[in-house]
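Residue-level listing of the chains:
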Amino acid sequence: MNQYSAINSHLDVWQRIGRGRSFEFVATDQEILAWLISCLPVDFAPYTLVSTNMVQQGKSFVERTSPDQVDRFLELKGEGKDSVTEFWIWSQSLTPDLELKSHATVTRQLAFNGLIRLSHGRRLTDYTLPERPIAVWPSDLVMVDRVLNSLTGELRHYDDYLRIYRALVRKMKERTVYRSILRFRSGEEREATKTEELNWTEGAKRLYDAGTPFNAIRPGSRLGG
C-alpha cells in the first residue's frame, strides 16, 4: 500500500501531470449505489463518500464538503433542486490525515490527493431539442493519478487509488451494454465511436424509454449486436 501524507495546504505549488483518468457512462442511481457497495477493493477500506457543493458565505462562495458512508449515496445525493451531483471516493487507509474543510479550492485539494470524483445526476438545458427541456447529463468517473510539487520536485503516483478507479470502471464496462446516439443542435445524429465510449446500462435505457429526457443523447444499438 502506497500511503502519502495528505496535501492539506499550499495547493498552489502542486500541479497535475498528464491528462488524468476519466470514464463517461449513463446509469441509474440504484446501479451506481450497487457498484459503490460491491466493487471498492477491500484492501483499501474503509471508504468515505464525500459530497461537495457550492454555498454562499457572505459575499463569496465556498465548496462545502459532507462526508458519509458509501452506502448512503442516495441520501447524500438527494432529489430535486437541492440534489448534490458531485461525490468523491476517499480511502481512509490511503489518506488517513486528509482534512475536510469548506473552502474555495476544496475540489482541487481532493483531486490532488488522488480521490476519485463521481459526477452524477446533473441536469442542464438541452439545446438540441426545440422545446429545450431540462435533461439529465451523462455521468463520469474522474481522477488525477499523478501530481508534481513545483518547489520540491516531489512526484506522487496514486497507484492504489488508480486500482480503485479501475475496479469501478471494469464493472461499469460490464454493465453498460448500449451504445449512445449523439444529437447536435443542427438536428444531426450519429452513433458514438468506440473511442468516445459513452454507453448505457439496462436501467438507464429503461428510464429513457419511460420518458426521462437525457441531454443530447439517446440509447442506440446493443453492444455486440
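A few points on the structure. Here the structure is a predicted model, which is why all the values come from computation and not from measurement. The residue numbers shown here count from 1 along each chain, following its written sequence. Given that this is a predicted model, residues contribute local features only at a pLDDT of at least 70 and side-chain atom pairs are listed and counted only at 80 or more, while totals for whole chains, interfaces and linings are drawn from all residues. As a convention, hydrogens and water are excluded, and side-chain values are obtained from all of the structure's heavy atoms.

What follows covers the environment of Asn149. With respect to the secondary-structure elements, Asn149 resides in strand S10 (residues 146-149). Expressed as a C-alpha distance, the spacing of Asn149 and Arg16, which sit 133 residues apart in the sequence, is 9.2 Å. With sequence-adjacent residues up to four places away left out, Asn149 is seen in contact with Val13, Trp14 and Glu154. Numbering of helices and strands runs from the N terminus, with a helix taken as a DSSP run of H or I at least four residues long and a strand as a DSSP run of E at least two residues long. Residue contacts follow a heavy-atom distance rule, with two residues in contact if any of their heavy atoms lie within 4.5 Å.

Going residue by residue along strand S6 (residues 116-119), you find Ile116 and Leu118 tucked away on one face and Arg117 and Ser119 tucked away on the opposite face as well. The pairing of strand S5 (residues 86-91) with S6 spans four bridges and is antiparallel. Directly across from Ile89, in S6, lies its bridge partner Ile116. Strand pairing is assigned whenever DSSP detects at least two bridges linking the two strands. When S6 meets strand S9 (residues 139-143), the two strands line up antiparallel, connected through three bridges. Pairing of Leu118 across the sheet is with Leu141, part of S9. Exposure is judged per residue with a 1.4 Å probe applied to protein chains only, and the accessible area is read against the type maximum: over 50% gives exposed, under 20% gives buried, and values in between give partly exposed.

With that settled, the discussion passes to the packing of aromatic side chains. Paired rings are identified among Phe, Tyr and Trp, the last through its six-membered ring, by centres lying within 6.5 Å, and are further divided according to the angle between planes into stacked (under 30 degrees), edge-to-face (over 60) and tilted (the rest). Taken as a whole, this structure holds seven aromatic pairs when the rule is applied. Where Phe23 meets Phe25, the ring centres are 6.1 Å apart and the plane angle is 20°; that geometry is what we call stacked. Owing to a relative accessible area of 6%, Phe23 belongs among the buried residues under this scheme. Plain terms: the ring middles of Trp200 and Tyr208 are 6.0 Å apart, the flat faces sit at 80° to each other, and that makes the pair edge-to-face. Given a relative accessible area of 0%, Trp200 falls into the buried group. We classify Tyr208 as partly exposed; its relative accessible area is 28%. Feature note: the residues Tyr4, Tyr158 and Tyr161 constitute an aromatic cluster, connected by ring pairs. The rule for a charge over a ring is simple: NZ of Lys or CZ of Arg within 6 Å of the ring centre, and within 35 degrees of the ring normal. Stacked on the ring of Tyr178, the Lys or Arg Arg222 has its end atom at 5.2 Å from the ring centre.

Let's shift gears to the pattern of salt bridges. The salt bridge criterion pairs a side-chain nitrogen of Lys or Arg with a carboxyl oxygen of Asp or Glu, the two atoms within 4 Å. Following the criterion strictly, the structure yields 15 salt bridges and no others. With a closest N to O distance of 2.8 Å, Glu154 and Arg156 form a salt bridge. The residue Arg190 makes a salt bridge to Glu196 at a minimum N-O spacing of 2.9 Å. Here Glu196 falls in the partly exposed class, since its relative accessible area comes to 32%. A cluster of three or more residues bridged by salt bridges with shared partners is formed by Arg117, Arg122 and Asp140.

Turning our attention to the nonpolar core. The tendency in soluble globular proteins is for nonpolar side chains to be buried side by side. Throughout, nonpolar core names a set of buried Ala, Val, Leu, Ile, Met, Phe, Trp, Tyr and Cys residues whose side chains join them through atoms within 4.5 Å. Phe25, Leu141 and Tyr161 are the most contacted members of the largest nonpolar core, which has 48 residues in total. Broken down by element, the residue count for this core peaks at seven residues, all from helix H4 (residues 159-175). Grouped together as the second largest cluster of nonpolar side chains are 11 residues, Val177, Tyr178, Ala204 and Ile217 included.

Next up on the list: the side chain of Thr176. Relative to the assigned elements, Thr176 resides in strand S12 (residues 176-183). Residues adjacent in sequence count toward polar contacts only when both atoms are side-chain atoms; beyond that, a polar contact is any pair of N or O atoms within 3.5 Å, and within protein one must be able to donate a hydrogen and the other to accept it. Separated by 2.7 Å, the side chain of Thr176 and the backbone oxygen of Met172 make a polar contact. Sequence-distant contacts of Thr176, defined by excluding residues within four places in its chain, comprise Phe25, Val26, Asn199, Trp200, Thr201 and Leu223.

Along the chain, Ser91 turns up in strand S5. The class of Ser91 is buried, set by a relative accessible area of 0%. Separated by 2.7 Å, the side chain of Ser91 and the backbone oxygen of Phe44 make a polar contact. Within polar-contact distance, the side chain of Ser91 engages the backbone nitrogen of Leu94 at 3.2 Å. Other than its neighbours up to four places away in sequence, Ser91 contacts Phe44, Pro46, Tyr47, Tyr161 and Ile164.

Taken by themselves, the reported measurements are silent on function.
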